[in-house]
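# Chains, contacts and geometry: an overview
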Number of protein chains: 2
Amino acid sequence: MGSVLKVNPRVRGIRAPTGLQSLGVDKPFKTVTDVSSGDPHRAGIAPISFVRQVLAVCLYPELLKNNSLPLDVRQRAQRLLGACAGGSVGSYSVSCYGLPHVQKSVAEFITRRDDGVSSHPEDIIFFNGSQKAVSLILYLMACREGETQTGVLTPIPCPHNLPSLMDEVGVKLLPYQLTEERGWAVDLHELQRALNAARGHCNPRAIYISNPGNPTGHVQDRETIEKVIEFAAAEGLILLAEEVYQDSVYGQDKEFVSYKKVLFEMGQKFSETVELISFHSISTACMGECGLRGAYVEVINMDPAVKLHIGNMQGPFSPPVLPQLALDIMVNPPTPGDPSYKTYAQEILKIQTVLSQNAQRACEFLNGLPGVSCQPAMAGVFLYPRVHFPPRMTEEAEMSGVAADVFYCQTFLEEEGVCLGAGCENGQDGQSYLFRAHVWKLETRTRFEKKEHKKKIHGHFGHRGHLVNTF
Amino acid sequence: MGSVLKVNPRVRGIRAPTGLQSLGVDKPFKTVTDVSSGDPHRAGIAPISFVRQVLAVCLYPELLKNNSLPLDVRQRAQRLLGACAGGSVGSYSVSCYGLPHVQKSVAEFITRRDDGVSSHPEDIIFFNGSQKAVSLILYLMACREGETQTGVLTPIPCPHNLPSLMDEVGVKLLPYQLTEERGWAVDLHELQRALNAARGHCNPRAIYISNPGNPTGHVQDRETIEKVIEFAAAEGLILLAEEVYQDSVYGQDKEFVSYKKVLFEMGQKFSETVELISFHSISTACMGECGLRGAYVEVINMDPAVKLHIGNMQGPFSPPVLPQLALDIMVNPPTPGDPSYKTYAQEILKIQTVLSQNAQRACEFLNGLPGVSCQPAMAGVFLYPRVHFPPRMTEEAEMSGVAADVFYCQTFLEEEGVCLGAGCENGQDGQSYLFRAHVWKLETRTRFEKKEHKKKIHGHFGHRGHLVNTF
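Cut-offs and rules
Residues numbered from 1 in each chain as written. Chains lettered and ligands numbered in written order. Predicted model: local features only at pLDDT ≥ 70, side-chain atom pairs only at ≥ 80, totals over all residues. Heavy atoms only, no water. Salt bridge = Lys/Arg side-chain N within 4 Å of Asp/Glu carboxyl O. Helix = DSSP H or I, 4+ residues; strand = E, 2+ residues; numbered from the N terminus. Buried < 20%, exposed > 50% of the residue type's maximum accessible area, 1.4 Å probe, protein only. Pairing = 2+ DSSP bridges. Axes fitted to C-alpha atoms, helices over the stretch in contact; angles between N-to-C directions. Contact = heavy atoms within 4.5 Å. Domains from an automatic or database assignment. Polar contact = N/O pair within 3.5 Å; in protein donor to acceptor, adjacent residues only side chain to side chain. Right-handed = clockwise from strand over helix to strand, strands pointing away. Phe/Tyr/Trp six-rings, centres within 6.5 Å; stacked < 30°, edge-to-face > 60°. Lys NZ or Arg CZ within 6 Å of the ring centre and 35° of its normal.

What follows covers the pattern of salt bridges. Counting across every chain of the model gives 30 salt bridges over all chains. Across the pair Lys260 of chain A and Glu298 of chain A runs a salt bridge, and its minimum N-O distance is 2.8 Å. Here Lys260 of chain A is found in helix 8 (residues 259-265), whereas its partner Glu298 of chain A is found in strand 8 (residues 295-300), with 38 residues between them in sequence. Residue class for Lys260 of chain A comes out buried when judged on its relative accessible area of 1%. Take Glu298 of chain A: its relative accessible area is 1%, and that puts it in the buried class. In this structure, Lys104 of chain B and Glu108 of chain B form a salt bridge, with 3.2 Å as the shortest nitrogen-oxygen distance.

See below:
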């Protein structure tokens, strides 16, 4: 069947199985715990009531008459239905960008968030999730041929899926290493080194930024952001700023500052020239609506024809309506005085508390284990520990013919039923032995606390036993 | 910004504006009526209650306790929630193909529909709408280079968006003309002619079929389907069977027969060799859930590696969950004895009656106009009339520099506020003057019934006045 795209299996990592059958019988566990994905609801975190109530009413408007639902829920649903063609979430979006009402809501949210730096509805485009947005935009930038192949400077570690995504659209991943010992901060010299190394071999066109960092949990400070912007301006690079975890910063004295805000506070020299595409999504830590697949991008300083193309990349398909409504709710949550405010505020606080407490406890535990080190996370849903393997593990991996980190994850999955994310999925070279694990729940610990079991896995596989106890 | 894909503006046609401002002031109408899109809810058709009730409960499971909702609604929602990771529609699908529970439901539906010809869950893959599925599969097949460029035999007229979609992924559209005087039936000689003409210039790999036909409303009979399958088998072509309007056949003595069923009833020589991908969607006439964006494909006789690639085309992104649940409801509607059955059956009957009555009335009206002819539709939501332009209209179009059919639609939109679909969007050459219009409502007629207005448009633009009165 024609030219099937080649996908590099190296960056695929492993997937948690959907059923235990595929792992064979006689396992010391009854279910598989997948900690490699950041999916909150799958990990048992409850959705935000206000979001679900409004969406339920939008789907079944008879509920507008249901007085047991809060008044602000019904009012919001009524307003959102008014923004849909024919008053139904079942109609196509009227524009390939999305619903104009939601574009306006998002622009107003960004303006508030950025202390008055204005955002414009026509710069907002909706997508089926932020990864889909990244994929389509990279595809638009892609030129596959030799020295003119499009290159994108990419942080290592980067969000999992990003390496396979670049591979699929034919964009060259140009790695810039984040500085582990500084909590995975961006190093400007390293950015310059990576760019210089790439020139002549391909055509570097953009820098990918993940802030707050996925999977590192690092939060960039204003000074770093300014320097990255200056670098992009000097080198003529487009900024691709993935800012999905902006709602989940919990590190002390840390706060999220958007690239858009800093760019516009640096004066016209930058604010009128540097091309910026920033990404946000409903699959965040607090909303957690991964299954709905909704995201927006804000497109700054792009040629209007290119912006139109970004919108048209989805078209002739209009983006799904319901995730857009979810975005509208996310950027306009209940405010003090609204009937739903108290519940909403409690739910958000609970999620943020779970995140920050679990991240801290798991990090402390990991750093107490021999041969394991972990930088504290300041935001987001992951920890990203480094494990120093005993030589016999590396040998065993080599004999089995897969990268050591993937081998470790596979064995961990098969013997303990816990699915970690191999560092290679985050662009790591496979020799570094880093692993991604979400911090949503710590209950997996208890599963392995029986002494005899501990002994068995200690004996067989070095540190694996300790790690099992952590997540 | 890199290599922006070139999109042929010729196949773009026009879009209904989202606001009247873009059309200027002082119009003799207050709203724009878009009859170019098949979107039922936008045209005022109500959604199916059972579908919306179940989805609302899935989104807000507190409604499981709401006794005013029918029991079968709550039971179905409970079952569907059990199929979602973490019991939430907010979790990612566990597999890039979709939820295994829904794969199974769809396979069972197909088996029932095809009188026992079995379908297998692992052959079912979910997508964000059938157009997205077509687009990704064409992309997978695409080879852009010269004589080896992938070609797809495509009916003319074809579903609107298909020409632009093929253009975007770089597949060559190889037109085979449907026979207008036989109600837009497929002609096997024409299929062979189109293939012969293409050989040597590109690499023909597949035949695109739309049955029931979009926009023609033609329903293929078993004999035709057998011949098309024999042709595909003899020429080594993949069958791409878009069967989205299978739920809306209203022509007398007409019934939908799937390509899959006929293929498997033709014996092993065909059933074990001919590659078939069939498409179905929740954006059908009866469900009408266009805004949710949900579709499945059934993949038959494909190399397992290719099938895996089709699934992976979406992944690392898992398909949205809610449209999958809507698909599950579509293929498992309430049955006699269920609390929701009576309402459901009434709603479906009402939609089917509106479709068949409107299609007949509008067709009769059109055929009564001088210079207009229209084949009766047997299924689906469109009529596709031919208009014979007076010479001065063609001249006026030429002077304005656009194709005559687009010019006609633009003027029609600007002067009457009705947006027709230009035939060029359906792959027509622009000299034929055919137009697509849905048959959901006839109320637009009344808008133009004032004598003085009629006179004005008659005087100015030939048949346009008549046509306005029809939809």
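Next, the rest of the story.
Residue and element names in this part refer to chain B. Ordered by their spatial adjacency, seven strands build an open sheet running 2-8-7-6-5-3-4, and the pairing between neighbours is mixed. Each end of this open sheet is capped by a strand with a single partner; those strands are strand 2 (124-127) and strand 4 (172-177). Going across the sheet, the axis of each strand differs from the next one's by a mean of 25 degrees, ignoring polarity. The sheet contact formed by strand 3 (residues 150-156) and strand 4 spans six bridges and is parallel. Within strand 4, the position partnered with Val152 by the bridge is Leu173. Docked against the sheet, helix 3 (residues 100-113) engages strand 2, strand 7 (276-281) and strand 8 (295-300), running at close to 115 degrees with respect to strand 2.

Right, let's talk about the domain arrangement of chain A for a bit. Residues and elements named next belong to chain A. Assigned domains of chain A: these are domain 1 (17-44 + 345-468) and domain 2 (92-331). Each partner contributes to the interface: domain 1 provides 28 residues, whereas domain 2 provides 32 residues. Our count for the domain 1 to domain 2 interface comes out at one salt bridge. Glu180 is the salt-bridge partner of Arg386, the closest N and O atoms lying 2.6 Å from each other. Viewed at the interface, domain 2 and domain 1 are joined by 14 residue pairs in polar contact (both at pLDDT 80 or more). Counting residues per element, the ones that place at least two in the side of domain 1 that touches domain 2 are helix 12 (341-367) and strand 10 (382-383).

Take the pairing of strand 2 of chain B next. Residues and elements named next belong to chain B. Neither face of strand 2 is left uncovered, since the one carrying Ile124 and Phe126 and the one carrying Ile125 and Phe127 both have all their residues buried. Where strand 2 meets strand 8, four bridges bridge the pair, whose relative direction is antiparallel. Each bridged residue has a counterpart across the sheet, and for Phe127 the counterpart in strand 8 is Ala295.

Attention shifts here to the pairing of strand 6 (residues 238-242) of chain B. All names here are of chain B. For strand 6, the tally of buried residues reaches five of five residues, placing the bulk of the element in the interior. Both faces of strand 6 are covered, namely the face carrying Ile238, Leu240 and Glu242 and the face carrying Leu239 and Ala241. The pairing of strand 5 (residues 203-210) with strand 6 spans five bridges and is classified as parallel. Following the sheet pairing, Tyr208 is matched in strand 6 by Leu240. What joins strand 5 to strand 6 is helix 7 (residues 222-235), and the crossover it makes is right-handed.

Before going further, it helps to spend a moment on the packing of aromatic side chains. Where two aromatic rings form a pair, the distance of their centres and the angle of their planes describe that pair. Within this structure, the stated rule accounts for 13 aromatic pairs over all chains. With centroids separated by 5.0 Å and ring planes inclined at 25 degrees, the aromatic side chains of Phe389 of chain B and Tyr408 of chain B adopt a geometry described as stacked. Of this pair, Phe389 of chain B sits in the loop between strand 11 (386-387) and helix 13 (391-400) while Tyr408 of chain B sits in helix 14 (residues 404-416), and the two are 19 residues apart along the sequence. Both residues of the pair, Phe389 of chain B and Tyr408 of chain B, belong to the buried class. Through a chain of ring-to-ring contacts, the aromatic side chains of Phe389, Tyr408, Phe412, Tyr433 and Phe435 of chain A assemble into a single cluster. Above the plane of the ring of Phe382 of chain A lies Arg436 of chain A, whose end atom (NZ or CZ) is 5.8 Å from the centre.

Turning next to the side chain of Lys260 of chain B. A polar contact is formed between the side chain of Lys260 of chain B and the backbone oxygen of Ser118 of chain B, at a distance of 3.1 Å. The contact partners of Lys260 of chain B, leaving out residues within four places of it in the chain, are Ile110, Asp114, Val117, Ser118, Ser119, Leu276, Glu298 and Ile300 of chain B.

The next subject is unusual backbone geometry. The phi angle of most residues is negative, glycine excepted, and most peptide bonds adopt the trans form. The amide bond that connects Asn214 of chain A to the next residue, Pro215 of chain A, takes the cis arrangement and shows omega of 10 degrees. Looking at the element boundaries, Pro215 of chain A is found in the loop between strand 5 (203-210) and helix 7 (222-235). Backbone geometry places Asp253 of chain B, a non-glycine residue, at a positive phi of 60 degrees. You can see Asp253 of chain B is positioned in the loop between strand 6 and helix 8 (259-265).

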